[in-house]
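This is what each chain is made of:
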Amino acid sequence: MSENPEIGSSVDVDGIATNHHRAGSGPVVLLVHGSGPGVSAWANWRLTIPALAERFTVVAPDIVGFGFTDRPEGFDYSLDSWRAHLLGFADALGLDRFSMVGNSFGGALALSMAAHAPERVDRLVLMGAAGVSFPITEGLDRVWGYEPSLETMRGLLDVFAFDPAFATDELAELRYAASVRPGFQESFAAMFPAPRQRWVDALATPEDVIAALPHRTLVVHGRDDRVIPLSNSYRLLELVDDAQLHVFGRCGHWTQIEHAGEFNRLVGDFLA
């Protein structure tokens, strides 16, 4: 049986064994994944890591409750706890300053990091990001409300991707299998129970705080995103002083997968 590429190295972060991937050399870029069922850093960033590693030190952790990082009994799945763990992770690896690329839920986490530890964060890339309040979409409600079945996962891939070519039966089987690994669904079901609007709001950073951020910021979104509305990214563009926005047409929630080449060039050039 081949080794699982989703499992990288482990580092102890305040007693939590944290799975992560590291590649390349140069300025540090932290990649923060989204919150889909069965997700991991590798699943989210497998096409991004090798491209950015040509120019940067790329570090991609599994956030607590996801992937192959420990799921401590009684962990409080909240923005504050996730941020504290991520800062502890950066400390454990000796990463003093880094840029961040946050996808969806990871975008909310990146914004919160920039707000609470502004001196640690260099540049920000927010891709299909949460982090501002919005009326929950049907797509996000379905993602967070996932009950494991191959059929349900198949349907979610159609929500995530604009182009059906990306929502293959093979990928559905892979992601379904990932979602039912021991402990995965238990932690996932505990994170975002209905009613789910409150979790959208709980991931938001206050708008006055976002408006005060000094970081150079690239906002990226798929025009056809059915999970996080494009209006989020227009709002971030309005709020963040030093911001630019790039919208990909014919693109759903998976910019980094559906438009991998262009996304990698865009982000690499911005971070450089």
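Residues numbered from 1 in each chain as written. Predicted model: local features only at pLDDT ≥ 70, side-chain atom pairs only at ≥ 80, totals over all residues. Heavy atoms only, no water.

Caption draft 1: Fine view of the pattern of salt bridges. All told, the structure shown has 13 salt bridges when counted by the stated rule. A salt bridge links R97 to D122; the shortest N-O distance between them is 3.3 Å. Of the two residues, R97 is situated in the loop between helix 3 (79–92) and strand 5 (98–103) and D122 in strand 6 (residues 121–127); the sequence distance between them amounts to 25 residues. Looking at R97, the relative accessible area reads 45%, which means it is partly exposed. With a relative accessible area of 32%, D122 lands in the partly exposed category. A salt bridge links D141 to R196; the shortest N-O distance between them is 3.4 Å. In this pair, D141 sits in helix 5 (residues 138–144) while R196 sits in the loop between helix 8 (184–191) and helix 9 (197–202), placing the two residues 55 residues apart along the sequence. Residue D141 is classed as partly exposed on the basis of its relative accessible area, which comes to 32%. A cluster of three or more residues bridged by salt bridges with shared partners is formed by E6, R175 and R181. (Salt bridge = Lys/Arg side-chain N within 4 Å of Asp/Glu carboxyl O. Helix = DSSP H or I, 4+ residues; strand = E, 2+ residues; numbered from the N terminus. Buried < 20%, exposed > 50% of the residue type's maximum accessible area, 1.4 Å probe, protein only.)

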